[in-house]
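Okay, here's what each chain looks like letter by letter:
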Amino acid sequence: MGKGGEGGGDAGKAEENMAAWLVSVNTLKIQPFHLPPLGPHDVRVRMKAVGICGSDVHYLKTLRCAHFVVREPMVIGHECAGVVQEVGSEVKSLVSGDRVALEPGISCWRCKFCKGGRYNLCPDMKFFATPPVHGSLANQVVHPADLCFKLPDNVSLEEGAMCEPLSVGIHACRRANVGPETTVLIMGAGPIGLVTMLAARAFGAPRIVIVDVDGYRLSVAKSLGADEFVKVSTSTQDLDEEVLEIQKAMGSDIDVSFDCAGFSKTMSTALNATRPGGKVCLVGMGHNEMTVPLTPAAAREVDVVGIFRYKDTWPLCIEFLRSGKIDVKPLITHRFGFSQEEVVEAFEVSARGGDAIKVMFNL
């Protein structure tokens, strides 16, 4: 079950800890959420800011995301920050009242992946709101202190919650070795495409072109610092022409492409647009299976790398936010409180897309 807690019990208690439970397809209910005892290395955190991720919406609509399947009621949410209320007996790094951003995955620290420094690949990972582990859209949660990162005074709790999606972009840039001489193409201007763009710029990328089918999201990307954008269609028949347009927009070779959508067309575009000897990083997981021109890409020695979540990214996220090198505040487009009606409405807004980029709960 992980640290989070468990359900059931009397809902009438004055200080009852409440959470947003996914109980069935398209059904969220605020119900009691009992916390486990505080371990010596744990902290109890009052949640203050929780964002909605695309995976949360997938679970709501289908009760599954990739190969993870919801088989019993589960508390939703994993992008979060809050205020420490209580610390375990062995916790030395935090005190009550500290504002913290929470890294949502608890790895085993015993397997070869954890010991090798790639704990994000731990097969025994217990990750907020990944079945059967409960999430963090709750009044309070219990979490290991070493996964709670203190926020500087000039970084808000909402920004702290944004460390989770930003971590995906930072991990992707590390995997692709983005630096001051790396030109970057980003396929997809959704939340993950936008944070990957911000991360690539912070890593020093001198020129970034972003691609999407949605004109509004491209305008947001431009306002956030994209050098150029290209609006494309959903038709594969336009792919060759669009690749030429993307390469023209870059004005030079494309060193690294990030597919932040994860569809056959976006991946094919990235593979074809990237220079010989370049790199394509698959970030988005829109489709489990794709049909892509892998052989021509291999003949040009285009490397393909994947990412899964992140590892050791919170300190860098917080430093980028503290220094102003990255500003995630414009990505937060909608805010809601924590009532039954607002939780339902917030997920509807997030699922619709449109002008909603990041929907945030203020608890």
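Residues numbered from 1 in each chain as written. Predicted model: local features only at pLDDT ≥ 70, side-chain atom pairs only at ≥ 80, totals over all residues. Heavy atoms only, no water.

A closer look at the environment of Phe263
Part 1: Along the chain, the position of Phe263 falls in the loop between strand S17 (256-259) and helix H8 (264-273).
Part 2: By relative accessible area, which is 36% here, Phe263 ends up partly exposed.
Part 3: When the C-alpha atoms of Phe263 and Thr183 are compared, they prove to be 22 Å apart, with 80 residues separating the residues in sequence.
Part 4: Beyond its immediate chain neighbours, meaning those up to four positions away, Phe263 contacts Gly286, His287 and Met290. (Helix = DSSP H or I, 4+ residues; strand = E, 2+ residues; numbered from the N terminus. Buried < 20%, exposed > 50% of the residue type's maximum accessible area, 1.4 Å probe, protein only. Contact = heavy atoms within 4.5 Å.)

Structural notes on helix H10 (residues 314-323)
Part 1: Every buried residue of H10 is accounted for by Trp314, Cys317, Ile318, Phe320 and Leu321. Taken end-on, H10 shows its buried residues confined to a sector of 160°, consistent with a single buried face.
Part 2: Lining the buried residues of H10 we find strand S9 (99-102), strand S13 (148-150), helix H3 (157-161), helix H4 (163-175) and helix H5 (191-202).
Part 3: Where H10 terminates, the next one or two residues include Gly324, which has phi positive at roughly 85°. (Arc of directions from axis to C-beta.)

A closer look at the UniProt feature "domain: Enoyl reductase (ER)" (unreviewed entry) in the chain
Part 1: Following the UniProt record, the feature "domain: Enoyl reductase (ER)" (unreviewed entry) maps to residues 24-361 here.
Part 2: Taken end to end, residues 24-361 is 30% helix and 25% strand, and its first and last C-alpha atoms sit 21 Å apart. (UniProt positions renumbered as here; feature names shortened; annotations may be inferred.)

Digging into the pattern of salt bridges
Part 1: Taken as a whole, this structure holds twelve salt bridges when the rule is applied.
Part 2: One salt bridge in this structure joins Lys265 and Glu242, with 2.8 Å as the shortest N-O distance. Here Lys265, found in helix H8, pairs with Glu242, found in helix H7 (residues 239-250); they are 23 residues apart in sequence, far enough to count as distant. With respect to burial, Lys265 and Glu242 carry one shared label: buried.
Part 3: Residue Glu319 pairs with Arg322 through a salt bridge whose shortest N-O separation is 2.7 Å. In this pair, Glu319 and Arg322 both sit in helix H10, three residues apart, roughly one turn of the helix. (Salt bridge = Lys/Arg side-chain N within 4 Å of Asp/Glu carboxyl O.)

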